[in-house]
Amino acid sequence: MFTFAPTEGQSKAELHADLLEAARALTQDEPDGIANMANLAALLWQFLPDLNWAGFYRMVGGELVLGPFIGKPACIRIPVGRGVCGAAAATGQTQLVPDVHAFPGHIACDAASQSELVVPVIRDGTVIAVIDLDSPSPARFDADDARGIEALAKAMADRI
Ligand code: SME
């Protein structure tokens, strides 16, 4: 049994450090990328409070295709350049969106989503996936969250 879980009263930096350590431990020596993404989605969900969706879109045949996630069923295919995920894939840049309703072209998969953080996963200079986090709270994510998830994306780029 795995008992990876956040500790009460942790700072955000400690939380992200523990999340990264758990992700490394859980994916070590496992070559199956889908299995690793499934466990990473579960870890994100377990470690990060106030989410309504956490998971992956993978770059398949030039578009984003839904990968392992936790949350409500979501749109399956997202063209590069469309929505928040598509913007992250097109630019290779993290998208920190405090108000999804103000983001041009935002794709609403769950009407509860108010803010969103999308971090590209880059391997050998190419975007191979994005990590998508949605929250029912406005401005749930800040630059520290972005840095934490970017570190996770970097560490996991060879494992998914
Ligand atoms: N909101 C995303 C779509 C994916 S769902 O949030 C799970 C977007 O605009 O790309």
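Look up: the structure comes first, before these words.
Owing to the predicted nature of the structure, the values given are computational and were not obtained by experimental measurement.

Quick notes on the rules
Residues numbered from 1 in each chain as written. Predicted model: local features only at pLDDT ≥ 70, side-chain atom pairs only at ≥ 80, totals over all residues. Heavy atoms only, no water. Salt bridge = Lys/Arg side-chain N within 4 Å of Asp/Glu carboxyl O. Helix = DSSP H or I, 4+ residues; strand = E, 2+ residues; numbered from the N terminus. Buried < 20%, exposed > 50% of the residue type's maximum accessible area, 1.4 Å probe, protein only. Near = heavy atom within 4 Å. Polar contact = N/O pair within 3.5 Å; in protein donor to acceptor, adjacent residues only side chain to side chain. Areas by Shrake-Rupley, 256 points an atom, 1.4 Å probe, with all protein chains shown as cover.

Describing the pattern of salt bridges
Applying the stated rule across the entire model yields 7 salt bridges. For D142, the salt bridge goes to K12, with nearest N and O atoms at 3.0 Å. Placement of D142 in the loop between β6 (126-135) and α4 (143-156) and of K12 in helix α1 (residues 12-27) is noted, with a sequence separation of 130 residues between them. Residue D142 is classed as partly exposed on the basis of its relative accessible area, which comes to 30%. Through salt bridges that share partners, K12, R140, D142 and D145 make up one connected network.

Thoughts on the site of the ligand
Every one of the 13 residues lining the ligand counts as a neighbour, but V84, C85, I107, E116 and D134 are closest to it. For the ligand, an oxygen atom lies 2.8 Å from a polar atom in the backbone of C85. Within the side chain of H106, one N or O atom sits 3.4 Å away from a nitrogen atom of the ligand. Isolated, the ligand exposes 310 Å² of accessible area, and the fraction of that covered by the protein chains is 99%. Broken down by secondary-structure element, the contributors of at least two residues to the shell around the ligand are β1 (53-60), α3 (83-91) and β6.

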